[in-house]
Amino acid sequence: MNRVRLLVLNAALGPLDYKLAEGMRVEAGSVVVAPLGPRTVTGIVWDEGRLPGVEVDAKKLRALREVVPVPPLSAPLRRLIEWTADYYCAPLASVARMVLSSGGALGGPTTMTEYRLSGGTPERMTPQRITAIEALEGEQGTIRELSGIAGVSEGVLRGLVNQGVIEPVEVAIDRPYPPADPDYHQPALSEDQMRVAKTLVEAVEARSFEPFLLDGVTGSGKTETYFEPVAEAIRMGRQVLVLLPEIALTENFLSRFEDRFGAAPVQWHSSLKSTERRRAWRAIAEGSAQVIVGARSALFLPYANLGLIVVDEAHEISFKQDDGVRYNARDVSVMRARFEGIPVVLASATPALESLHMANSGTYTKLELPSRFGGAQLPEIKLVDLTIEKPASGQWLAAPLIEGIEARLEAGEQSLLFLNRRGYAPLTLCRNCGHRFQCPNCSAWLVEHRLSSRLACHHCGLETRPPQACPECGEADCLVACGPGVERIADEVAALFPEARVSVATSDTLGTPERAAEFLAQVQAKAIDVIVGTQLVTKGFHFTELTLVGVVDADLGLEGGDLRAAERTYQQVAQVAGRAGRGSKPGEVLIQTRHPEAAVIAALADGDRDAFYEAETEARRDAGAPPFGRWAQIILSSEDEREARQSAARLGDTRPHLDDVMILGPAPAPMALLRNRYRYRFLVNARRSANLQATLRDWLDTQDFPPGIRVGVDIDPYSFV
Ligand code: ADP
Ligand code: ZN
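Attention in this report is confined to the structure presented alongside it. (Residues numbered from 1 in each chain as written. Chains lettered and ligands numbered in written order. Predicted model: local features only at pLDDT ≥ 70, side-chain atom pairs only at ≥ 80, totals over all residues. Heavy atoms only, no water.)

1. Quick notes on the site of ligand 1
Then, number 1: Taken together, 16 residues form the shell around ligand 1, and within it Ala188, Gln193, Gly219, Lys222 and Arg256 come nearest.
Then, number 2: With respect to ligand 1, the side chain of Thr223 contributes an N or O atom lying 3.1 Å from an oxygen atom.
Then, number 3: Separating an oxygen atom of ligand 1 from a side-chain N or O atom of Glu224 is a distance of 3.0 Å.
Then, number 4: Relative to its unbound accessible surface of 560 Å², ligand 1 loses 82% to contact with the protein.
Then, number 5: Per element, the largest residue contribution to the shell around ligand 1 is three residues, and it comes from helix H7 (residues 222-235).
Then, number 6: Of the residues contributing to the shell around ligand 1, the split by class is five nonpolar, seven polar and four charged. (Near = heavy atom within 4 Å. Polar contact = N/O pair within 3.5 Å; in protein donor to acceptor, adjacent residues only side chain to side chain. Areas by Shrake-Rupley, 256 points an atom, 1.4 Å probe, with all protein chains shown as cover. Helix = DSSP H or I, 4+ residues; strand = E, 2+ residues; numbered from the N terminus. Nonpolar A, V, L, I, M, F, W, Y, C, P; charged D, E, K, R; others polar.)

This is the structure in structure tokens:
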């Protein structure tokens, strides 16, 4: 091979051709640096004949600059990049960037400089320096990372470096990870667990593609069970990827993993330090990292020798990425397993309707764990009809729930209240003039956060201090909070039970692995009586003393334009209910609702999962919704309202008229303004027979959008804002 075609990591450029420099060796998948004008670009040598490009005269070709010393991307990974770009209508370059996501991983140096306190004191103390020195006790990292930890500017830290108060340390980047021992501590499995584990172990040994749905009730021990095929893969010298939906879950997972394998797995998520990121990337690419536990982005790493993928809590919507390449890690993991020729396990107590459909139709192998481990009983579920049991005015907890909490407090047991709303109140208004506090950048109310005394937009991150007086009418002390968030529910509990220890659990309070670990430790030490939390607490947690779960507002998720609302409500409530009674004491779940007759609420009350899935399946079949048909969403946005509206109208005029693809819109998106961009939306519903992606691509290709327009294509969307 003397001439190569590169997939360059720049979506604005197409594939580019180069020749090899003297003595240079490359193969398909090699990562290379190539000259481009006065600069260079990074690219991946692609398989001959698979990338359309412009044929350039051989004499005009420039030579590659260098080959980056990392293992070439494997053929299965290259196929995955192609498939993902094609399926999600995303540029190949954007997908490839996710693979090479660790900036530092490609470069040469093997050590890097980190900083830590030296123990000295500065000549002059300032409040910021005091803050920094206190916050950095025991910390080590780059200046940038330390500035994030301490909450002071990098300049302040550099000042301290100059004074010798902070000292540089050279650290080796690629230290090996401690090995996991597959036989470190083998638990005794139940009969059901053994049956499932055996099937999965055999699938790992078979080294061939097989998708599994591990459908096990909450507390059935899915983790212990899938640890067996993980152990088998380790014995075979192959790598395992375990995808988890949320960083708050990793702590729990890590300690269980260590109990089982005697060493921690390699982690991959967005809050890794850059050195850890590089170290993990390299170990993964070279094959020395055995088990990798990570967020969805870990799916695109260049595993040298992957033998098994597990997607835990596979129904979780956080596996769907909603910016950049809009992919669903659950679905892409099945494709990766297919290209790699390995088994993949989707584990959940409340599988996505799509996954269950695949299992019931035989495309996936279904494995069931129908009962809780160790004889623990599933909790008893009761509805609290809020139209009959009315909470006191300005309060949200009805008498049965209050009595339930009281009984737990007296018995020294724990309660969990679930409300999927961060902050204190979702809306603030002026009692005098009716002014509502809205985000200037988004079509959204500002949410009051009393713990941090801020009004915040949950969409663009804008934060302001709540004003003393109404900005509209000038009246002082007239702002009222409308509706509840978790902080307000926590206040209500504290007012009812002043002696109770109440803790708010949301991404605001548990946003880092350290904080999540601290929270878990506190719950386990019984230092918390009542947890008030968002969907974060619906996942994976195992608290043995928790015997009451209260769902504050089961109707909340059913409002709005979410086409998966019923399924999502079912999953959330069933998952949070699954946190109750996991130890020896039985659990109770109280669901507050104004619509006890709604199908999904009734199914929850009856514990009749099959009834819910059957009803929802029929509804989806009638609507041509997934898995029977497909959805896509196209959003055109611009900072200029008129430009967005006109471009959307023009695109609408050229829409294809097909029998099997229905295109609705354009209409202003539900979030008509988001981060200062005006948004117009097309909703597409296609039959399974249609080639949806090709239709959309051909349609969009007819347009020359103005430079201010951004076009977002979302295949199999989960967010309908
Ligand atoms: P799930 O993920 O299915 O909700 P978990 O994996 O969290 O359930 O298991 C529930 C609890 O039971 C955990 O504390 C787990 O450690 C324990 N457990 C499950 N299986 C076993 C086993 N075979 N031996 C010992 N403990 C087990
Ligand atoms: Zn906003």
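Once the structure has been displayed, the description carries forward.
2. Let's talk about the coordination of the zinc ion (ligand 2)
Then, number 1: Coordination sphere of the zinc ion (ligand 2), protein contribution only: Cys439 (SG), Cys442 (SG), Cys457 (SG) and Cys460 (SG), at 2.3 to 2.4 Å.
Then, number 2: Each of the four donor atoms bound to the zinc ion (ligand 2) contributes to angles spanning 105 to 114°, and the resulting shape is tetrahedral.
Then, number 3: Read in sequence order, the donor residues for the zinc ion (ligand 2) give the motif C-x2-C-x14-C-x2-C. Of this pair, Cys439 sits in the loop between strand E17 (427-430) and strand E18 (447-449) while Cys460 sits in the loop between strand E19 (454-456) and strand E20 (463-464); the two residues are 21 residues apart in sequence, bridging distant segments of the chain.
Then, number 4: Relative accessible area serves as the criterion here: at 4%, Cys439 is assigned to the buried category.
Then, number 5: What makes Cys460 partly exposed here is its relative accessible area of 26%. (Donors = N, O, S within 2.8 Å, 3.2 Å for Na, K, Ca; no water. Tetrahedral: all angles 85-135°; square planar, octahedral: opposite > 155°, others 65-115°. Buried < 20%, exposed > 50% of the residue type's maximum accessible area, 1.4 Å probe, protein only.)

3. Concerning the packing of helix H6 (residues 191-206) against H7
Then, number 1: Look at H6 against H7: their axes get within 8 Å of each other, and the N-to-C directions meet at 30°. When the axes of H6 and H7 are compared, the pair comes out roughly parallel. For the crossing formed where H6 meets H7, the hand is right-handed. Here Gln193, Val196, Ala197, Leu200, Val201, Val204 and Glu205 of H6 come into contact with H7, specifically with Thr225, Glu228, Pro229, Glu232 and Ala233.
Then, number 2: For the contact of H6 with H7, the residue count by class is seven nonpolar, two polar and three charged. (Axes fitted to C-alpha atoms, helices over the stretch in contact; angles between N-to-C directions. Parallel < 35°, antiparallel > 145°, perpendicular 65-115°, else oblique. Left-handed = near helix turned anticlockwise from the far one by under 90°. Contact = heavy atoms within 4.5 Å.)

4. Some details on a negative patch on the surface
Then, number 1: Together, Glu368, Asp606, Asp608, Asp610 and Glu614 make up a region of like negative charge exposed at the surface.
Then, number 2: Relative to the helices and strands, Glu368 is located in strand E14 (residues 365-369). (Patch = residues over 30% accessible without salt bridge, like charges linked within 9 Å, V, L, I, M, F, W, Y side chains within 5 Å. Salt bridge = Lys/Arg side-chain N within 4 Å of Asp/Glu carboxyl O. Lys, Arg positive; Asp, Glu negative; His and termini not counted. Charge placed at Lys NZ, Arg CZ, Asp CG, Glu CD.)

5. Digging into the sheet that holds strand E26 (residues 629-638)
Then, number 1: Taken in spatial order, the four strands line up as E27-E28-E26-E29 in an open sheet, and their pairing is antiparallel. Only two strands of the sheet have a single neighbouring strand rather than two, namely strand E27 (661-674) and strand E29 (710-715). Mean inter-strand twist for the sheet, computed between neighbouring axes without regard to direction, equals 20°.
Then, number 2: Here E26 pairs with strand E28 (residues 677-687) via 10 bridges, running antiparallel. (Pairing = 2+ DSSP bridges.)

6. Structural notes on the nonpolar core
Then, number 1: By size, the foremost hydrophobic cluster in this structure holds 112 residues, and its most contacted members are Leu241, Phe300, Phe519, Ile531 and Leu696.
Then, number 2: For this core, the leading source of residues is helix H15 (residues 565-577), giving six residues.
Then, number 3: For Leu241, the contacting residues outside a window of four places in its chain are Ile292, Ala298, Leu299, Tyr303, Leu306, Leu308, Ile309 and Val310.
Then, number 4: With 28 residues, the next largest nonpolar core counts Tyr226, Phe227, Val310 and Leu369 among its residues. (Core = buried A, V, L, I, M, F, W, Y, C linked by side-chain atoms within 4.5 Å.)

7. A closer look at the packing of aromatic side chains
Then, number 1: In total, this model carries 16 aromatic pairs according to the counting rule given.
Then, number 2: Judged by centre distance (6.1 Å) and plane angle (90°), the ring pair of Trp83 and Tyr88 falls under edge-to-face.
Then, number 3: Its relative accessible area of 2% is what places Tyr88 among the buried residues.
Then, number 4: A ring pair is formed by Phe257 and Phe261, whose centres lie 4.5 Å apart and whose planes are at 40°; its orientation type is tilted. Residue Phe257 and its partner Phe261 are located together in helix H8 (residues 247-261), separated by four residues, close to a single helical turn. In this structure, Phe257 and Phe261 share a single accessibility class: buried.
Then, number 5: Through a chain of ring-to-ring contacts, three or more aromatic side chains come together here, namely Tyr226, Phe227, Phe253, Phe257 and Phe261.
Then, number 6: For Arg277, the ring lying beneath its charged end belongs to Trp268, and the centroid distance is 4.7 Å.
Then, number 7: Above the ring of Tyr177, the side-chain terminus of Arg279 is found at 4.1 Å from the ring centroid. (Phe/Tyr/Trp six-rings, centres within 6.5 Å; stacked < 30°, edge-to-face > 60°. Lys NZ or Arg CZ within 6 Å of the ring centre and 35° of its normal.)

8. Brief notes about unusual backbone geometry
Then, number 1: Residue Pro627 is reached from Pro626 by a cis peptide bond, and omega for that bond is 5°.
Then, number 2: Looking at the secondary structure, you find Pro627 in the loop between helix H17 (609-623) and E26.
Then, number 3: The amide bond that connects Gly665 to the next residue, Pro666, takes the cis arrangement and shows omega of 5°.
Then, number 4: Relative to the assigned elements, Pro666 resides in strand E27.
Then, number 5: Even without a glycine there, the phi angle at Asp477 is positive, about 50°.
Then, number 6: The backbone phi angle of Asp716 is positive, close to 50°, even though this residue is not glycine.
Then, number 7: Note that Asp716 resides in the segment after E29.
Then, number 8: The exposure class of Asp716 is buried, given its relative accessible area of 14%.

Note that all results are geometric; they support no functional claim without further evidence.
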